[in-house]
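Chain by chain, the residues run as shown.
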Amino acid sequence: MIDYKNADKATLKAEYKRLSRETHNLPFFTRKEFYALPEILGDEEIPVAITSGMMNDHTWLIVLTNRRILFLDKGMLFGGKQVIISLADITAIQGSTGLIYGEITISTAGQKHEISHIYKKAVNSFIQMTDKERDQYRSDPIQKIKPFHQNTSDKVTQLEKLAALKNQGILTEEEFEKEKRRILAL
């Protein structure tokens, strides 16, 4: 596993190629978005899969991590857009394929994100990897309370989530106290 926060461009390029191979993806013009990942990833957040496609008439890099799905579009010359979906917020993920390309639809409680022009082989691979990460995320109660970013000011919300997990019997008293100390030390 590489350290994205401190990786040089050559290391990121190799990782981009590796993740593309694992997803059976042919990335289209999304390398600059991938190079922006070190600034976006939270602590202990790891990219699992990538693909690229069209959404709202723009080419986007879609990055599945162990916590969320990131949609990144750096633009042609300047600026950039991001869409972030927590794995916990995904209600459904579906795909369809044609002769060469396919599309993926990611649904949350209030939105649908439709990504088209995804290389056919990447559609099912990305969906399967997303389902696997969602299952793992749901089965790890500690993962749900970890902050996405290093400088989290919302400790109260994290402590409330932690207390709810303890009250539901998901966490033991020992696990609760350990995580509580960690949150308060941030």
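Residues numbered from 1 in each chain as written. Predicted model: local features only at pLDDT ≥ 70, side-chain atom pairs only at ≥ 80, totals over all residues. Heavy atoms only, no water.

Asker: Looking at this structure, how should I read the packing of aromatic side chains?
Answerer: The description of an aromatic ring pair rests on the distance of the ring centres and on the angle between the ring planes. In the structure shown here, the tally under the stated rule is two aromatic pairs. A ring pair is formed by Tyr 4 and Phe 34, whose centres lie 6.3 Å apart and whose planes are at 65 degrees; its orientation type is edge-to-face. On the criterion of sequence distance, the pair formed by Tyr 4 in the segment before helix 1 (9-22) and Phe 34 in helix 2 (residues 31-35) is long-range, its members being 30 residues apart. When its relative accessible area of 5% is taken as the criterion, Tyr 4 is described as buried. Both rings, one in Tyr 16 and one in Phe 34, keep their centres 5.2 Å apart while their planes meet at 55 degrees; by these two values the pair is tilted. Of the two residues, Tyr 16 is situated in helix 1 and Phe 34 in helix 2; the sequence distance between them amounts to 18 residues. (Phe/Tyr/Trp six-rings, centres within 6.5 Å; stacked < 30°, edge-to-face > 60°. Helix = DSSP H or I, 4+ residues; strand = E, 2+ residues; numbered from the N terminus. Buried < 20%, exposed > 50% of the residue type's maximum accessible area, 1.4 Å probe, protein only.)

Asker: What's the story with the UniProt feature "domain: SHOCT" (unreviewed entry) in the chain in this structure? I'm lost.
Answerer: Those places that UniProt annotates as "domain: SHOCT" (unreviewed entry) correspond, in this numbering, to residues 157-184. Across residues 157-184, helical content stands at 82% and strand content at 0%; the span's end C-alpha atoms are separated by 12 Å. (UniProt positions renumbered as here; feature names shortened; annotations may be inferred.)

Asker: Could you clarify how one ought to interpret helix 4 (residues 120-139) in this entry?
Answerer: Residues three or four positions apart in an α-helix share a direction because the helix packs 3.6 residues into each turn. The end-to-end C-alpha separation of helix 4 is 30 Å, in line with the 28 Å expected for 20 residues at 1.5 Å each. All of the buried residues along helix 4 are Ala 122, Val 123, Ser 125, Phe 126, Ile 127, Met 129, Thr 130, Glu 133, Arg 134 and Tyr 137. (Expected span 1.5 Å × (residues − 1).)

Asker: Got a minute to help me understand the pairing of strand 5 (residues 90-97) in this structure?
Answerer: On any regular strand, side chains alternate: one points to one face of the sheet, the next to the other face. As defined by bridge partners, strand 5 adjoins strand 6 (residues 101-108) across seven bridges and the pair is classed as antiparallel. Looking at strand 6, one finds that Gly 95 is bridged to Ile 104. Taken together, strand 5 and the strand that follows it, strand 6, pair antiparallel across an intervening segment of three residues. (Pairing = 2+ DSSP bridges.)

Asker: What's the story with the pairing of strand 3 (residues 68-73) in this structure? I'm lost.
Answerer: Across the six residues that make up strand 3, a large majority, six, are buried. Here strand 3 shows a buried face lined by Arg 68, Leu 70 and Leu 72 and a second buried face lined by Ile 69, Phe 71 and Asp 73. As paired elements, strand 2 (residues 58-65) and strand 3 share four bridges and run antiparallel to each other. Within strand 3, the residue paired with Leu 61 across the bridge is Leu 72. What sits between the antiparallel neighbours strand 2 and strand 3 is a turn of two residues. Summarising the sheet, strand 3 and strand 4 (residues 81-86) pair through six bridges and their orientation is antiparallel. If you follow Asp 73 over to strand 4, its bridge partner there is Lys 81.

Asker: Explain a positive patch on the surface to me, please; I cannot follow it from the model alone.
Answerer: A surface patch of like charges, here positive, comprises Lys 13, Lys 17, Arg 21 and Arg 31. If one sorts the elements of the positive patch by residue count, helix 1 sits on top with three residues. Here Lys 13 lies in helix 1. (Patch = residues over 30% accessible without salt bridge, like charges linked within 9 Å, V, L, I, M, F, W, Y side chains within 5 Å. Areas by Shrake-Rupley, 256 points an atom, 1.4 Å probe, with all protein chains shown as cover. Salt bridge = Lys/Arg side-chain N within 4 Å of Asp/Glu carboxyl O. Lys, Arg positive; Asp, Glu negative; His and termini not counted. Charge placed at Lys NZ, Arg CZ, Asp CG, Glu CD.)

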